[in-house]
Amino acid sequence: MSRSSIVRVVLTLNLLLVSNTWADDSVRVKDARGQWVELPASAERIVALAPNIVENFYSAGAGDKLIAAVSYSDYPEQAKQLPEIGNYKAVNYESLLLLNPDLIVAWGSGNGDQMINKLEDLGFTVFVSESHTLEDIAVNVKRFGTLAGTSDYADKSAGEWLERLNQIQLSHKDLDSVSVFYQVWNEPLQTLNGDHLISDVIETCGGRNIFADALVLAPKISIESVLDRDPRVIIASGMGEGRPDWLDAWEAYPRINAVKEGNLFHVPPDIIQRHTFRVLDGMEMVCDHLNNARMKVDAGATAKNGL
């Protein structure tokens, strides 16, 4: 074999080795759109475009890979130190170009197609995340672990969380159904339909979302429609940790079962509306509220029967 032939063989072997190394380190994960997102190696510089995404990266053991986030990314405590590049509806594209992230993780229903398409047009690699069911949260944490190279931590974290979820599901199986109106806001009056994860929370606790059949994810509704569906429980979120004043405005409608039976409840939005591991804290509150409503019905039936 000539010297030139030997050189060609060596170069070919080296190229194969480089190619195999790249293939071994590469990352390929399907996102919420059903699209495969590919990276030459696990992401080291990640931008998260929703507070729930930030929180889930920490749950995946990859919080230190985040280099920027949007406003209200305030959990865990370390997340407050991340530079802000806008909010979930509008980001600073120039700042993103300067940051030069390996990966941008977007919230499908929150950020919207227009922002996601713009980011991809600018050349960014975008992974779209979404959670429609409780199990989807664990799936996303695992996916984030794969993207960031922290799969061992993420898989363990997700597994422990799923065990806790399973325990709650089993303890609330086959309970009497309770009709629930979940109120996101008062002006305009707004709720969530059956495609939203909170509907899954309500059903897990043995409840029935009275607006599960709404055509859009977060419909604006009328007071009359709530009165017509006559929920036994009203659960409100609002904006902060405290109970919103407008929840008690339902006292003006004493014929609703929720008002007659004193079932106007509050669950802080951060632990029920963010699609993160903390949703189980919110779900336990929802389950407790529905159990209280059931006990009132049972107590009323007992009193009626003179027992």
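Residues numbered from 1 in each chain as written. Predicted model: local features only at pLDDT ≥ 70, side-chain atom pairs only at ≥ 80, totals over all residues. Heavy atoms only, no water.

Trainee: How would you summarise unusual backbone geometry if you had to cite specific residues and measurements?
Mentor: Of note, the amide linkage connecting Y75 to P76 takes the cis form, showing an omega dihedral of -5°. As for its position among the elements, P76 is in the loop between β4 (66–68) and α3 (93–99). Here N100, not a glycine, exhibits a phi torsion of approximately 50°, which is positive. Inspection of the secondary structure puts N100 in the loop between α3 and β5 (103–107). Despite not being glycine, D174 shows a phi value in the positive range, around 65°. Mapped onto the fold, D174 is located in the loop between α6 (151–171) and β7 (178–183). On the basis of relative accessibility, which here comes to 72%, the residue D174 falls in the exposed class. (Helix = DSSP H or I, 4+ residues; strand = E, 2+ residues; numbered from the N terminus. Buried < 20%, exposed > 50% of the residue type's maximum accessible area, 1.4 Å probe, protein only.)

Trainee: Go over the sheet that holds strand β10 (residues 264–266), please, and point to the residues and values.
Mentor: The strand order across the open sheet formed by four strands is β8-β7-β9-β10, and the pairing between neighbours is parallel. The open sheet has two edge strands with one neighbour each: β8 (207–209) and β10. Strand-to-strand twist in this sheet, taken as the mean axis angle between neighbours without regard to direction, amounts to 35°. Summarising the sheet, β7 and β8 pair through three bridges and their orientation is parallel. (Pairing = 2+ DSSP bridges. Axes fitted to C-alpha atoms, helices over the stretch in contact; angles between N-to-C directions.)

Trainee: Lay out the pattern of salt bridges with the relevant residues and their values.
Mentor: If you walk through the whole model with that rule in mind, you get 15 salt bridges. Across the pair R164 and D281 runs a salt bridge whose closest N-O atoms are separated by 2.7 Å. Of the two residues, R164 is situated in helix α6 and D281 in helix α10 (residues 279–304); the sequence distance between them amounts to 117 residues. The exposure class assigned to R164 is partly exposed, which follows from its relative accessible area of 27%. For the salt bridge of R243 with D248, the shortest nitrogen-to-oxygen distance reads 2.6 Å. Owing to a relative accessible area of 34%, D248 belongs among the partly exposed residues under this scheme. Where salt bridges share partners, they join E55, D74, D270, R274 and R278 into one cluster. (Salt bridge = Lys/Arg side-chain N within 4 Å of Asp/Glu carboxyl O.)

Trainee: Can you explain helix α2 (residues 51–59)? Please cite residues and give values.
Mentor: Summarising burial for α2: nine of the nine residues are buried, a large majority. Buried within α2 are the following residues: P51, N52, I53, V54, E55, N56, F57, Y58 and S59. Looking at the residues trailing α2, positive phi occurs at G61, about 75°.

Honestly, it's all geometry; don't read function into it.
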